[in-house]
Amino acid sequence: MSVRGHAFGIDIGGSGVKGAAVDLATGELVHERIKIATPNPSTPQAVAAAAAEVVAEANWDGPVGITLPAVVLDGVTRTAANIDKAWIGTDARALFSAALGGRPVTVLNDADAAGMAEDTYGAAKDYAGMVLLLTFGTGIGSALIHQGALVPNTELGHLEIGGMETEHRAAASVKDRLGLSFEQWAAEVSTVLIGLENLFWPNVIVAGGGISRDADLWIPLLTNRTQVVPAHLRNTAGIVGAAMAIEAGLVP
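Residues numbered from 1 in each chain as written. Predicted model: local features only at pLDDT ≥ 70, side-chain atom pairs only at ≥ 80, totals over all residues. Heavy atoms only, no water.

**Q** Explain the layout of surface pockets to me, using residue names and the numbers behind them.
**A** Of the voids in this model, the largest pocket is the one considered here, and its volume is about 1,100 Å³. Residue lining of the largest pocket: 42 residues in total, with Pro69, Asn82, Asp110, Thr135 and Gly137 positioned closest to the centre. Counting residues per element, the ones that place at least two in the lining of the largest pocket are strand S1 (6–12), helix H3 (110–120), strand S9 (130–136), strand S10 (140–146) and helix H8 (237–248). With 4 residues, the top contributor of residues to the lining of the largest pocket is H3. Split into classes, the residues belonging to the lining of the largest pocket amount to 13 nonpolar, 21 polar and 8 charged. Residue lining of the second largest pocket: 13 residues in total, with Met116, Thr120, Gly148, Met244 and Ala248 positioned closest to the centre. Classifying every residue of the lining of the second largest pocket gives 9 nonpolar, 2 polar and 2 charged. (1 Å grid on protein atoms, 1.4 Å probe; cavity = no way out; pocket = protein on both sides within 12 Å on 5 of 7 lines; lining within 4 Å. Points joined across faces, edges and corners; volume = space filled by probe spheres on them. Helix = DSSP H or I, 4+ residues; strand = E, 2+ residues; numbered from the N terminus. Nonpolar A, V, L, I, M, F, W, Y, C, P; charged D, E, K, R; others polar.)

**Q** Please set out the environment of Ile219 residue by residue, giving values where relevant.
**A** Note that Ile219 resides in the loop between helix H7 (215–218) and strand S15 (228–230). Residues Ile219 and Val189 lie 30 residues apart in sequence; the distance between their C-alpha atoms is 9.5 Å. Setting aside its immediate chain neighbours within four residues, Ile219 contacts Ala207, Val228, Val229 and Pro230. (Contact = heavy atoms within 4.5 Å.)

**Q** Tell me about the packing of aromatic side chains, residues and numbers included.
**A** Summed over the entire model, instances satisfying the criterion amount to 5 aromatic pairs. With 5.7 Å between their ring centres and 80 degrees between their planes, Phe136 and Trp185 make a pair best called edge-to-face. Here Phe136 is found in strand S9, whereas its partner Trp185 is found in helix H6 (residues 182–200), with 49 residues between them in sequence. You can call Trp185 buried: its relative accessible area is 0%. Considering the side-chain rings of Trp185 and Trp218, the 4.8 Å spacing of their centres and the 70 degrees angle between planes classify their relative orientation as edge-to-face. (Phe/Tyr/Trp six-rings, centres within 6.5 Å; stacked < 30°, edge-to-face > 60°. Buried < 20%, exposed > 50% of the residue type's maximum accessible area, 1.4 Å probe, protein only.)

**Q** Residue-level account of the packing of H3 against H8, with values.
**A** Taken N-terminus to C-terminus, the directions of H3 and H8 make an angle of 90 degrees; their axes are 7 Å apart at the nearest point. Considering the angle they form, H3 stands roughly perpendicular to H8. Here Ala113, Ala114, Met116, Ala117, Glu118 and Thr120 of H3 lie close against H8, whose contacting residues are Ala237, Gly238, Val240, Gly241, Ala242, Met244 and Ala245. (Axes fitted to C-alpha atoms, helices over the stretch in contact; angles between N-to-C directions. Parallel < 35°, antiparallel > 145°, perpendicular 65-115°, else oblique.)

**Q** Before we move on, can you summarise the side chain of Asn109 with the specific residues and values?
**A** By the element assignment, Asn109 lies in strand S8 (residues 105–109). A distance of 2.9 Å separates the side chain of Asn109 from the backbone oxygen of Ala70, its partner in a polar contact. At a separation of 3.1 Å, a polar atom in the side chain of Asn109 contacts the main-chain amide nitrogen of Asp112. Those residues in contact with Asn109 that lie beyond four places of it in its chain are Thr67, Leu68, Ala70, Val71, Val72, Ser142, Asn153 and Glu155. (Polar contact = N/O pair within 3.5 Å; in protein donor to acceptor, adjacent residues only side chain to side chain.)

**Q** An account of the pattern of salt bridges is needed here, citing residue identities and associated values.
**A** Throughout the structure, instances matching the rule amount to 4 salt bridges. A salt bridge links Arg225 to Glu197, with the shortest nitrogen-to-oxygen separation between them at 3.7 Å. Remark: Glu197 occurs in helix H6 and Arg225 occurs in the loop between H7 and S15; sequence separation between them is 28 residues. Its relative accessible area of 46% is what places Arg225 among the partly exposed residues. (Salt bridge = Lys/Arg side-chain N within 4 Å of Asp/Glu carboxyl O.)

Here it is as structure tokens:
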């Protein structure tokens, strides 16, 4: 069923397809999130079927917002990170809509969804102006939001700073692969943040990804000028942002 003031979001990642109804007044999940393993291989048809399974388990009959680890332009996925390369060039919006019985569907980048959620309900809710969210994981995802308006598909993890792509320099996976201390890794993150803040002059930078749970061990070590705060919503941010996109009628 659907309830006024609620919207349904699904966050698709390399390991899990997670979904829940969201109370848009508070940004809180209405019920415990439903999670099933991302199919292997994570082809478009298989993932669409998994999304339909999540919606059916929730007994939801309204529109659905869906995130993907991909650049999304007018509903079509143009890249594919941690999902099958068959997604590239797929009309994801049409695919998911068909799998969900023809209901309206909005599809957007997963970092964009997290950024929207953190801007409205989370770590950046009390900041005006420009908000930059960076998710530190296998790569670096990004979301850029100005006065509540999303600039979609920024992909700043691929921006070259200091002769190296930002995610090759400062992703959390780099710290693990090279065995860097928090001090060493924070120096690389600082280089990235200084380059980004010189371009965009954000009012706040929100740090997401699993390593944000250890924020007290590395955020104080950063040397950039803009305040950096850890993400608040963490593993619900994608679901919340996807639900927000439906309500906002967002069409990346």
